[in-house]
Each structure stands twice: as structure tokens, then as C-alpha cells.
Amino acid sequence: MSGAAEGPGNGSARGTAGRSARGTVPGLATPYPLGAALPAVYAEDDFGQRFVSGLDVVLAPLFNVLDSLEAYFSPALAPADFVDYLATWVGAELEGTEPLALRRHAVASAVALHRVRGTRQGLAAAVRLAFGVPPEITESGGASWSARPLGPFPGEPVAGLRVVLRTADPASVDPQRLRAVVAAARPAHLPFTVAVTTSRTPEGVRPHE
């Protein structure tokens, strides 16, 4: 896929907002040169051919983007900056500072996560996607059955949700980021708390192992 300028060597341009822009790519030839489309009287006109060749340099990236447009909508193939646009379209919970591989995965899995949003499964998947660690989730709800009517209600009388993230380096996890992810993926009616703590060491295993 050509015409996606992502680095200085490819002729990219980055503005103050940090967004890259499509631009000319050194050595990229246009598949549709304008000189060949000029009337026959200009076919051997040196000035006319050189004039339109300057336009070819400008149009070449546009033609190549259009020729590979399908790839722009594939999270695995899209240019890095366009992945961020795709993330906004599918509602992926990203800050934009995550590694590119993680952002691509988040975009690709966003639709599946939306299907289970507001469930324990969806909350666990969203936290694991953002931090790479499965969380511990404690919720107040419950389910039970009884052969007799008027039995005790399952769960706790006060609704609530607690999410604990255990990691080897708690200082590397932004608690506010964790709160934002949980707030977006939790059941909307549940108040919640979050915590980040050191991962547990299995019995009989030394920490350095």
C-alpha cells in the first residue's frame, strides 16, 4: 500500500497536534501519468510534459490510496495514523498512546466487545485488553433458585462492583485509566471502585522465580 506517509523517510508531515498526513513519497510513480492523457499536439512538448509531471507527483499518493482503499479499513493493514481514526469509528476505548499492535487489536475486537458490554465477561475483556492482565471482579449481584416461594434474595442488598488489578509493577498502571475503562464497560447502574495491587505469589514459589 503506497501513499501512506508515516515516517520522515517516507515524506510524512506531522503537525503540532501530532497527526500525520498523506503526502508525496519520494520515488513513487503515478499509475496514471497526465502527460499520456494530453492531446497529441502536446505529446512531444517538453514544457507541457514537465509541467504535468509536477502534478503527477501530487496526485500519485491519491491514486495509490484509492487503489488500496480496502486495506485502510482493515485494522491489520491500515496506516498507523488511520488506525486511530478507525478506533473512533468503532468506539474502541483507547488513549492513543498504546503500542500500535495493541491499538490494531483493540479496533479489530471492538465490535465483539460491544456485544458483551455491561456484562462481567465484557468488563474482564476490556480491562485485559487495556492492561494485559485479567482483573478480579467482585459484584453484589447473584442468582439462585428455590422450590419454595418467598425465599431469600441472592446477592447483597447494596449494589456495587469492585475491580482489582494485580500486576507485578502496580506503579506502571494509571489508576485513572483503569477507572475510565471500568466506567465504560461496567453495567451502567452499578457504582464501582477500582484498585491496583501487587500480583500474588503462588505458595512455594519465591518472588524471583
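Residues numbered from 1 in each chain as written. Predicted model: local features only at pLDDT ≥ 70, side-chain atom pairs only at ≥ 80, totals over all residues. Heavy atoms only, no water.

Here's the deal with the environment of Pro31
Reasoning step 1: Looking at where Pro31 falls in the secondary structure, it is placed in the loop between β2 (20-21) and α1 (46-67).
Reasoning step 2: Separated by 25 residues in sequence, Pro31 and Asp56 have C-alpha atoms that sit 9.2 Å apart.
Reasoning step 3: When residues no more than four places from it in sequence are discounted, the contact partners of Pro31 are Phe63, Asn64 and Asp67. (Helix = DSSP H or I, 4+ residues; strand = E, 2+ residues; numbered from the N terminus. Contact = heavy atoms within 4.5 Å.)

Describing helix α3 (residues 80-90)
Reasoning step 1: Every buried residue of α3 is accounted for by Ala80, Asp81, Phe82, Val83, Leu86 and Ala87.
Reasoning step 2: The positive-phi residue at the C-terminal boundary of α3 is Gly91, with phi of around 70°. (Buried < 20%, exposed > 50% of the residue type's maximum accessible area, 1.4 Å probe, protein only.)

Observations regarding the pattern of salt bridges
Reasoning step 1: In the structure shown here, the tally under the stated rule is 5 salt bridges.
Reasoning step 2: A salt bridge links Asp84 to Arg103, with the shortest nitrogen-to-oxygen separation between them at 2.9 Å. Of this pair, Asp84 sits in helix α3 while Arg103 sits in helix α4 (residues 100-115), and the two are 19 residues apart along the sequence.
Reasoning step 3: Residue Glu139 is joined to Arg120 by a salt bridge in which the shortest nitrogen-to-oxygen separation is 2.9 Å. (Salt bridge = Lys/Arg side-chain N within 4 Å of Asp/Glu carboxyl O.)

Points about the sheet that holds strand β5 (residues 192-198)
Reasoning step 1: In space, the 3 strands of this open sheet follow the order β3-β4-β5, with mixed pairing throughout. Only two strands of the sheet have a single neighbouring strand rather than two, namely β3 (136-139) and β5. Within the sheet, the average angular offset between the axes of one strand and its neighbour, ignoring direction, is 15°.
Reasoning step 2: Two strands pair when backbone bridges link them, and β3 and strand β4 (residues 161-167) are joined in this way by 4 bridges, in the antiparallel orientation. Residue Glu136 lies in a different strand from β4, and its bridge partner there is Val164. (Pairing = 2+ DSSP bridges. Axes fitted to C-alpha atoms, helices over the stretch in contact; angles between N-to-C directions.)

Some remarks on the packing of aromatic side chains
Reasoning step 1: For the structure on display, the rule yields 6 aromatic pairs.
Reasoning step 2: Geometrically, the ring pair formed by Phe73 and Phe82 is edge-to-face, given 5.9 Å between the ring centres and 90° between the ring planes.
Reasoning step 3: The exposure class of Phe82 is buried, given its relative accessible area of 15%.
Reasoning step 4: One aromatic cluster is present, built from ring pairs that chain together Tyr72, Phe73, Phe82, Tyr85 and Trp89. (Phe/Tyr/Trp six-rings, centres within 6.5 Å; stacked < 30°, edge-to-face > 60°.)

Brief notes about the packing of helix α5 (residues 120-131) against helix α6 (residues 175-185)
Reasoning step 1: Two elements in contact, α5 and α6, have axes whose closest approach is 9 Å; the angle formed by their N-to-C orientations is 150°. Between α5 and α6, the crossing angle belongs to the class labelled roughly antiparallel. Relative to α6, the crossing made by α5 is right-handed. For the pair α5 and α6, the contacting residues are Gly122, Leu123, Ala126, Val127, Ala130 and Phe131 in the first and Arg177, Leu178, Val181, Val182 and Ala185 in the second. (Parallel < 35°, antiparallel > 145°, perpendicular 65-115°, else oblique. Left-handed = near helix turned anticlockwise from the far one by under 90°.)

Observations regarding the nonpolar core
Reasoning step 1: Of all hydrophobic cores here, the largest spans 16 residues; its most connected members are Leu123, Val127, Leu161, Val163 and Val182.
Reasoning step 2: The set of elements that each furnish at least two residues to this core consists of α5, β4, α6 and β5.
Reasoning step 3: With 4 residues, α6 is the single largest residue contributor to this core.
Reasoning step 4: Residues in contact with Leu123, not counting those within four places in the same chain, are Ile137, Leu161, Val163, Val182, Ala185 and Arg186.
Reasoning step 5: With 12 residues, the next largest nonpolar core counts Phe82, Val83, Ala87 and Ala92 among its residues. (Core = buried A, V, L, I, M, F, W, Y, C linked by side-chain atoms within 4.5 Å.)

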